[in-house]
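These are the residues of each chain, in order.
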Amino acid sequence: EGPVTILLAASVGLALFGPAGVGVAVVASIAYSLVPRRRDAFPLRPILIVLLVELRSGASVLSALHSAARAFPQPGDLQSAVRLATVAGLPVAVDETHGSLRTLLAHLVRAQASGSSAADAVRRMLESDIARERASRLNKTRSLPVRLMIPMALLALPGVVLISYGPLILDLLSGIVVPFE
């Protein structure tokens with residue numbers, strides 16, 4: 001994503017269509033990156049952090065959820081889930097939500113039902129989220145050399161060949177061609 005994708009698109013455009021292909025490929029790559037994609041309505045990690053702070057300070061689960069909803073006031077699933085949890089109870093809110101918020105609420109309900117610490121459940125979810133992101137970044141880092149082979153072969157290698165063999169070819173051609181006088 002980002003500069004690597006643009007560089008890859010430019011090198012493919014150059015290889016296939018020449019200099020004009022570079023511009024077309026770069027514009028197409030930037031336009032594709034601007035297309036909105038479906039993601040979660042909100043990032044889960046900041047909500048987990050607010051919940052963890054509130055639960056560690058002794059607040060109830062419902063009070064911690066209200067604090068998280070106040071900290072992230074954008075309309076969405078969190079606001080409606082907190083409202084539903086207040087009116088009908090947390091298990092009902094689990095049934096009505098979806099995605100990562102449903103997982104979070106299910107962990108909180110399970111912790112309440114079993115009598116275990118809700119703060120520990122939130123901490124485990126936060127650690128799991130951090131580990132998942134770290135693994136994702138590590139996989140992207142490990143795949144970088146493979147992804148850069150094509151741009152290097154298409155862009156850097158011809159330049160190195162021209163710089164190293166250019167003088168030799170010019171010297172051979174000057175010896176073969178008779179100068180005009």
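Structural data are supplied above this passage.
The structure displayed is predicted, hence computed values, not measured ones. (Residues numbered from 1 in each chain as written. Predicted model: local features only at pLDDT ≥ 70, side-chain atom pairs only at ≥ 80, totals over all residues. Heavy atoms only, no water.)

Visitor: Would you mind going over a nonpolar patch on the surface with me for this structure?
Guide: A contiguous nonpolar surface patch, about 970 Å² in accessible area, is contributed by Leu157, Val160, Val161, Tyr165, Leu168, Ile169, Leu172, Leu173, Ile176 and Val177. Note that Val177 resides in the segment after helix H8 (118-176). (Patch = residues over 30% accessible without salt bridge, like charges linked within 9 Å, V, L, I, M, F, W, Y side chains within 5 Å. Areas by Shrake-Rupley, 256 points an atom, 1.4 Å probe, with all protein chains shown as cover. Salt bridge = Lys/Arg side-chain N within 4 Å of Asp/Glu carboxyl O. Helix = DSSP H or I, 4+ residues; strand = E, 2+ residues; numbered from the N terminus.)

Visitor: Quick question: what am I supposed to make of H8 here?
Guide: Every α-helical turn comprises 3.6 residues, leaving residues that sit three or four positions apart pointing alike. Taking 1.5 Å per residue as the helical rise, H8 with its 59 residues ought to reach 87 Å, and the 85 Å between its terminal C-alpha atoms agrees with that figure. A maximum bend of about 45° is found in H8 at Met152. Those residues of H8 lying buried are Ala118, Ala119, Ala121, Val122, Met125, Leu126, Asp129, Pro151 and Gly166. On its buried side, H8 packs onto helix H1 (3-17), helix H3 (44-56), helix H4 (61-71) and helix H7 (100-114). Where H8 starts, the residue carrying a side-chain oxygen 3.3 Å from the main-chain nitrogen of Ala119 turns out to be Ser117. (Expected span 1.5 Å × (residues − 1). Bend = angle between axes of the 7 residues up to and from the residue. Buried < 20%, exposed > 50% of the residue type's maximum accessible area, 1.4 Å probe, protein only. Contact = heavy atoms within 4.5 Å. Polar contact = N/O pair within 3.5 Å; in protein donor to acceptor, adjacent residues only side chain to side chain.)

Visitor: Would you mind showing me how to read the nonpolar core here?
Guide: One recurring pattern in soluble globular proteins is that nonpolar side chains are buried together. Ranked by size, the top nonpolar core spans 29 residues in total, and within it Leu51, Leu55, Leu65, Leu104, Leu105 and Leu108 carry the most contacts. At the level of elements, H3, H4, helix H5 (77-88), helix H6 (90-96), H7 and H8 are the ones that each hand at least two residues to this core. (Core = buried A, V, L, I, M, F, W, Y, C linked by side-chain atoms within 4.5 Å.)

Visitor: What am I meant to see in the environment of Gln79 here?
Guide: With respect to the helices, strands and loops of the structure, Gln79 is situated in helix H5. Ignoring anything within four residues of it in the chain, the contact list for Gln79 reads Ala69, Phe72, Pro73 and Gln74. A polar contact is formed between the side chain of Gln79 and the backbone oxygen of Phe72, at a distance of 2.8 Å.

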